[in-house]
Amino acid sequence: RLVGELEVVDRLRQGPAALRPEGLDARELLSHEAARFAARALGQGVAIEIVPEAAGDPGATAAASRASRTSGPTGPLDFTADRLAVARILQNLVDNALSVLPAGGHIWLAAAALRLEGRPEGISLSVTDDGPGFPPGTQSRVFERFFRADPSRAGGGSGLGLAIVRELARAHGGEAWAENVAPRGARVTVFLPVAPPRPGILPG
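Summary of the structure given here.

1. Overview of the overall build of the protein
Part 1 of the argument: Scanning the protein from N- to C-terminus turns up 6 helices and 8 strands.
Part 2 of the argument: The buried share of the protein, taken over its 204 residues, is 49%.
Part 3 of the argument: Long-range pairs, those at least 24 residues apart, make up 72% of the contacts in the protein between residues at least 6 apart in sequence.
Part 4 of the argument: Working note: accessible area of the protein is about 9,500 Å², and carbon and sulfur atoms make up 54% of it.

2. Quick word on the nonpolar core
Part 1 of the argument: F79, V86, L93, I107, L125, V190 and L192 are the most contacted members of the largest nonpolar core, which totals 44 residues.
Part 2 of the argument: Of all the elements in the fold, those that place two or more residues in this core are α2 (26-36), β4 (78-82), α5 (83-98), β5 (106-115), β6 (122-129), α6 (161-171), β7 (175-180) and β8 (186-193).
Part 3 of the argument: Ranked by the residues each element gives to this core, the list is headed by α5, at 8 residues.
Part 4 of the argument: Excluding anything up to four places from it in sequence, L192 contacts F79, V86, G122, I123, L125, A169 and H172.

3. Let's talk about unusual backbone geometry
Part 1 of the argument: Of note, the bond from A182 into P183 is cis; its omega dihedral lies within 30 degrees of zero at 0 degrees.
Part 2 of the argument: Structurally, the position occupied by P183 is in the loop between β7 and β8.

4. Side note on the environment of P136
Part 1 of the argument: Assignment of secondary structure puts P136 in the loop between β6 and α6.
Part 2 of the argument: We classify P136 as exposed; its relative accessible area is 78%.
Part 3 of the argument: Considered as a pair, P136 and N180 are 44 residues apart in the sequence and their alpha carbons are 8.7 Å apart.

5. Examining the environment of L116
Part 1 of the argument: Here L116 lies in the loop between β5 and β6.
Part 2 of the argument: Here the alpha-carbon distance between L116 and F191, two residues 75 residues apart in the chain, equals 8.7 Å.

6. Points about the environment of G174
Part 1 of the argument: With respect to the element layout, G174 can be found in the loop between α6 and β7.
Part 2 of the argument: Remark: the alpha-carbon pair of G174 and P197, spanning 23 residues in sequence, is separated by 9.6 Å.

7. Description of the packing of α2 against α5
Part 1 of the argument: Following both chains from N to C, one finds α2 and α5 inclined at 50 degrees, their axes separated by 10 Å at the closest point. Between α2 and α5, the angle falls in the class oblique. In this structure, the crossing between α2 and α5 has a hand that is right-handed. The residues of α5 that touch α2, namely those facing L29, L30, E33 and R36, are R83, V86, A87, L90 and Q91.

8. Let's talk about the packing of α5 against α6
Packed helix pairs are characterised by how far apart their axes lie and by the angle those axes make with each other.
Part 1 of the argument: Where α5 contacts α6, the two axes come as close as 9 Å, and the packing angle between them is 150 degrees. Put simply, α5 runs roughly antiparallel to α6. In this structure, α5 meets α6 at a crossing whose hand is left-handed. For the pair formed by α5 and α6, the contact residues are A85, R88, I89, N92 and L93 on the first element and G161, L162, I164, V165, L168 and A169 on the second.
Part 2 of the argument: In the contact of α5 with α6, the residues fall into 8 nonpolar, 2 polar and 1 charged.

9. Overview of α5
Every α-helical turn comprises 3.6 residues, leaving residues that sit three or four positions apart pointing alike.
Part 1 of the argument: Taking 1.5 Å of rise per residue, the 16 residues of α5 would be expected to cover 22 Å, and the 22 Å separating its terminal C-alpha atoms lies within 8% of that figure.
Part 2 of the argument: Along α5, the residues that are buried comprise A85, V86, A87, I89, L90, N92, L93, V94, N96, A97 and L98.
Part 3 of the argument: N-cap assignment for α5: the residue whose side-chain oxygen lies 3.0 Å from the backbone N of L84 is D82.

What counts and what doesn't
Residues numbered from 1 in each chain as written. Predicted model: local features only at pLDDT ≥ 70, side-chain atom pairs only at ≥ 80, totals over all residues. Heavy atoms only, no water. Helix = DSSP H or I, 4+ residues; strand = E, 2+ residues; numbered from the N terminus. Buried < 20%, exposed > 50% of the residue type's maximum accessible area, 1.4 Å probe, protein only. Contact = heavy atoms within 4.5 Å. Areas by Shrake-Rupley, 256 points an atom, 1.4 Å probe, with all protein chains shown as cover. Core = buried A, V, L, I, M, F, W, Y, C linked by side-chain atoms within 4.5 Å. Axes fitted to C-alpha atoms, helices over the stretch in contact; angles between N-to-C directions. Parallel < 35°, antiparallel > 145°, perpendicular 65-115°, else oblique. Left-handed = near helix turned anticlockwise from the far one by under 90°. Nonpolar A, V, L, I, M, F, W, Y, C, P; charged D, E, K, R; others polar. Expected span 1.5 Å × (residues − 1). Polar contact = N/O pair within 3.5 Å; in protein donor to acceptor, adjacent residues only side chain to side chain.

Right, dumping it as structure tokens:
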């Protein structure tokens, strides 16, 4: 499994050439992933909920802090991306959240239109949990291969889940960031352009 995950990361470095874009609805994808993990969450005593959009500032980086959300809470949220890649992003994020939550925990999935300074029009996909959060100062490193900020957030995986999330986002010309939320918990947000860059064109 570890070799396979490393191959995924390396293949994604091809960028747009490795993608098979199609029209997608972000909220439909959230519903699908919530249903996929429903049985596992129920077995752990964890609640998964889809919310209109994540609350608070959308990111911990300088670029993210200048972002603004532009969507309403209902209706389709259309964009173009590789379906399997976006499904993998959400699966890795939900799996990461489930790995740290005890019985009684919560996971919130959200999608919204999002504009980042210097970036094309896009959408955000975020997964928030009320688990232990990231240790101070580690949020920018959690996307590094094999980096484990805290064993309590490492779960039983290979340490590549969030690295793959970021590589998938960047292959689309997007980005990913992590933050802690008050009073307790963590959020990982992925920004994806409404349309990915064409093959042969490097993301801005």
